[in-house]
Amino acid sequence: MSAGKVGLTVTPWACQAEWQVVRDLVMARDIQAVKFIEVWGARVGRLPAGVETTHSLLVAITTTPHTPLSLATAVNRFLNHVSHLAMNMWGLSKLHEAGARLAVPEWLVELRHETTHGQMPGLTVLRAATQFGLAWLDAHYWGEEGRGEVVEQGGQEEELHKLLECYMYLKVYQVWGTERMTELQGQEDVWNHLQELWEVVKGNHSLEDISVKQAVGLVKTEVCNLCEGEEGMELLAEVLVREDLLVPEKEFLDSLEEEGEGDPNGEVMVPRQLLLIWSEFVQIIDKGVGVRVLVDKLLEKVKQGEQGREVCAAWVVILAEGMAGVRGNKVVAVGRDQVSFKTLEKWLDRPNMLVGQLCGLLCE
């Protein structure tokens, strides 16, 4: 986004008040919510996944008499939603792993197999599963204050920046082997900074009560919720590169250098611990829109000669090698991809010494 411009996130609801009305109707299991959501569906090409799933469950539970097929179809739609969330956030492909990570009980997960390959469960079990799905969405989608707000892009970027900075600090302590957040209370400056960043994380989770792994997972969930769709992935890539996250300040970078790490030829490398910090989000972007968006933004920094350009170039090497299938990085694995001549021309339009060194790899 160019400086001075303010963009808007387009939503199916006209305003925050309309979203809150529908949220209240959903939580009251009022059939009027179904009518609102159908109007929303007419306004946009595709509804958010949380809204679509809610619609399926609400239609099933409010349409009488209940039938095993209608309830089972809605429950499977909910389980698909859970599966997609876990795949996008953690790369989990097995439903039972997704259920365990997202607090969906095993008995409900087993229903998918029973409804598709075994004997159809009874109405009592299917009703309970449908009600659980709605309650889960109440807590994890509709229960988030401001979820449907039409926000200024600038405000969304600021929130995302804080979440990603919080994630970076939490993840580095996870990489270093810290288990409980309370272990960091002795480092007053670090603890106060984390407490300040934690304020942007939704929910009532206190840092004193959770593990570092849990804190990392909560922040990652918030980031994924904020960055849905192609526009969200583009914004995620933009903030990661622009806000000194993929390429942090020298003091932070120095803290990541491990003894004996480095290229024997003296070339700048991305520290392995930095790769571990950002590997999951790089792979999420790769699955969403492709890592070429990261290459675009990193190369701009290289061409402008900005501070940290050598590390930017090292990131480009890792991503471009993955795209070309030259050799895979063991920490950050990305899929093969090809770019157009127009994109290649853009990448090489203002060559300098670093761009020249990258030219052969980018042209493969």
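The preceding data block contains the structure.
An account of the accompanying structure is given in this report. (Residues numbered from 1 in each chain as written. Predicted model: local features only at pLDDT ≥ 70, side-chain atom pairs only at ≥ 80, totals over all residues. Heavy atoms only, no water.)

1. A look at the overall build of the protein
Part 1 of the argument: On a plain count of helices and strands, the protein comes out with 17 helices and 0 strands.
Part 2 of the argument: The globule rule puts the C-alpha radius of gyration for 364 residues at 21 Å, and the 23 Å found for the protein is close to it.
Part 3 of the argument: Across its three principal axes, the protein shows a C-alpha extent of roughly 70 × 50 × 45 Å.
Part 4 of the argument: Within the protein, the fraction of its 364 residues that count as buried is 46%.
Part 5 of the argument: Of the contacts formed within the protein by residues at least 6 apart in sequence, a portion of 69% connects residues at least 24 apart.
Part 6 of the argument: Of the roughly 18600 Å² that the protein leaves accessible, carbon and sulfur atoms contribute 50%.
Part 7 of the argument: A gap of 6 Å separates the mean positions of the 33 positive and 54 negative side-chain charges of the protein. (Helix = DSSP H or I, 4+ residues; strand = E, 2+ residues; numbered from the N terminus. Rg over C-alpha atoms; globule rule 2.2 N^0.38 Å. Buried < 20%, exposed > 50% of the residue type's maximum accessible area, 1.4 Å probe, protein only. Contact = heavy atoms within 4.5 Å. Areas by Shrake-Rupley, 256 points an atom, 1.4 Å probe, with all protein chains shown as cover. Lys, Arg positive; Asp, Glu negative; His and termini not counted. Charge placed at Lys NZ, Arg CZ, Asp CG, Glu CD.)

2. Some words on the nonpolar core
Within soluble globular proteins, side chains that are nonpolar tend to cluster in buried spots.
Part 1 of the argument: Counting residues in each nonpolar core, the largest one holds 117 residues, and the members touching the most others are L164, M181, L236, W278, F281, L294 and W315.
Part 2 of the argument: Per-element tally for this core: the top contributor is helix α4 (residues 68-90), with 11 residues.
Part 3 of the argument: Those residues in contact with L236 that sit more than four places away from it in its chain are L160, L164, V223, C227, F281 and I285. (Core = buried A, V, L, I, M, F, W, Y, C linked by side-chain atoms within 4.5 Å.)

3. Looking at the pattern of salt bridges
Part 1 of the argument: Throughout the structure, instances matching the rule amount to 13 salt bridges.
Part 2 of the argument: Close ionic contact of R242 with E238 constitutes a salt bridge, the shortest N to O distance being 3.3 Å. Linking R242 with E238, this pair stays in helix α11 (residues 229-242), spanning 4 residues, or about one helical turn.
Part 3 of the argument: Look at the salt bridges and you will find they share partners, linking E238, R242, E243 and K297 into a network. (Salt bridge = Lys/Arg side-chain N within 4 Å of Asp/Glu carboxyl O.)

4. Some points on the environment of L69
Part 1 of the argument: Mapping L69 onto the fold places it in helix α4.
Part 2 of the argument: The sequence separation of L69 and P121 amounts to 52 residues, and the corresponding C-alpha distance is 9.8 Å.

5. Digging into the packing of aromatic side chains
Part 1 of the argument: Applying the stated criterion to the full structure yields 10 aromatic pairs.
Part 2 of the argument: Site record: aromatic cluster; members linked through ring pairs are W19, Y141 and W142. (Phe/Tyr/Trp six-rings, centres within 6.5 Å; stacked < 30°, edge-to-face > 60°.)

6. Quick look at the packing of helix α3 (residues 49-62) against helix α7 (residues 123-142)
Part 1 of the argument: Following both chains from N to C, one finds α3 and α7 inclined at 150°, their axes separated by 10 Å at the closest point. Remark: the crossing between α3 and α7 carries left-handed chirality. Contact with α3, carried on its side by G50, V51, T53, T54, L57, L58 and I61, involves R127, T130, Q131, G133, L134, L137, Y141 and W142 of α7 and no other residues of that element.
Part 2 of the argument: Broken down by class, the residue content of the contact of α3 with α7 amounts to 8 nonpolar, 6 polar and 1 charged. (Axes fitted to C-alpha atoms, helices over the stretch in contact; angles between N-to-C directions. Left-handed = near helix turned anticlockwise from the far one by under 90°. Nonpolar A, V, L, I, M, F, W, Y, C, P; charged D, E, K, R; others polar.)

7. What to know about the packing of α11 against helix α13 (residues 272-288)
Part 1 of the argument: It is at 10 Å that the axes of α11 and α13 come closest, and there the two elements cross at 145°. By crossing handedness, the relation of α11 to α13 is classed as left-handed. Taken together, the residues of α13 that come into contact with α11 (itself represented by M233, L236, A237 and L240) are W278, F281, I284, I285 and G288.
Part 2 of the argument: Partitioning the contact of α11 with α13 into residue classes produces 8 nonpolar, 1 polar and no charged.

8. Observations regarding unusual backbone geometry
Leaving glycine aside, a negative phi is the common case for residues, and trans is the common case for peptide bonds.
Part 1 of the argument: Across the junction of T64 and P65, the peptide omega takes the value -5°, indicating a cis bond.
Part 2 of the argument: On the secondary structure map, P65 appears in the loop between α3 and α4.
Part 3 of the argument: A positive phi angle, close to 55°, is found at R29, a residue other than glycine.
Part 4 of the argument: Structurally, R29 is set in the loop between α1 (16-27) and α2 (32-43).

9. As for the side chain of D138
Part 1 of the argument: In this fold, D138 is placed in helix α7.
Part 2 of the argument: Contact partners of D138, with chain neighbours within four places excluded, come to V26, M27, R29 and G143.

10. Description of the side chain of E165
Part 1 of the argument: If you trace the backbone, E165 turns up in helix α8 (residues 153-175).
Part 2 of the argument: Nearest to the buried, unbridged E165 among oppositely charged side chains is K162, at 8.5 Å.
Part 3 of the argument: Ignoring any residue separated from it by four or fewer positions in sequence, one finds E165 in contact with H193, L197 and L245.

11. Observations regarding helix α6 (residues 106-117)
Part 1 of the argument: Between the first and last C-alpha of α6 there are 17 Å, a value that for 12 residues agrees with the 16 Å anticipated at 1.5 Å per step.
Part 2 of the argument: When we look at burial in α6, the residues that qualify are L108, V109, L111 and T115. Along the axis of α6, the buried positions cluster into a sector of 135°, meaning they face one direction only. Exposed side chains of α6 directed beyond 90 degrees from the buried face belong to E106 and H117.
Part 3 of the argument: Tucked into the core, α6 has its buried residues touching α4, α5 (95-101) and α7. (Expected span 1.5 Å × (residues − 1). Arc of directions from axis to C-beta.)

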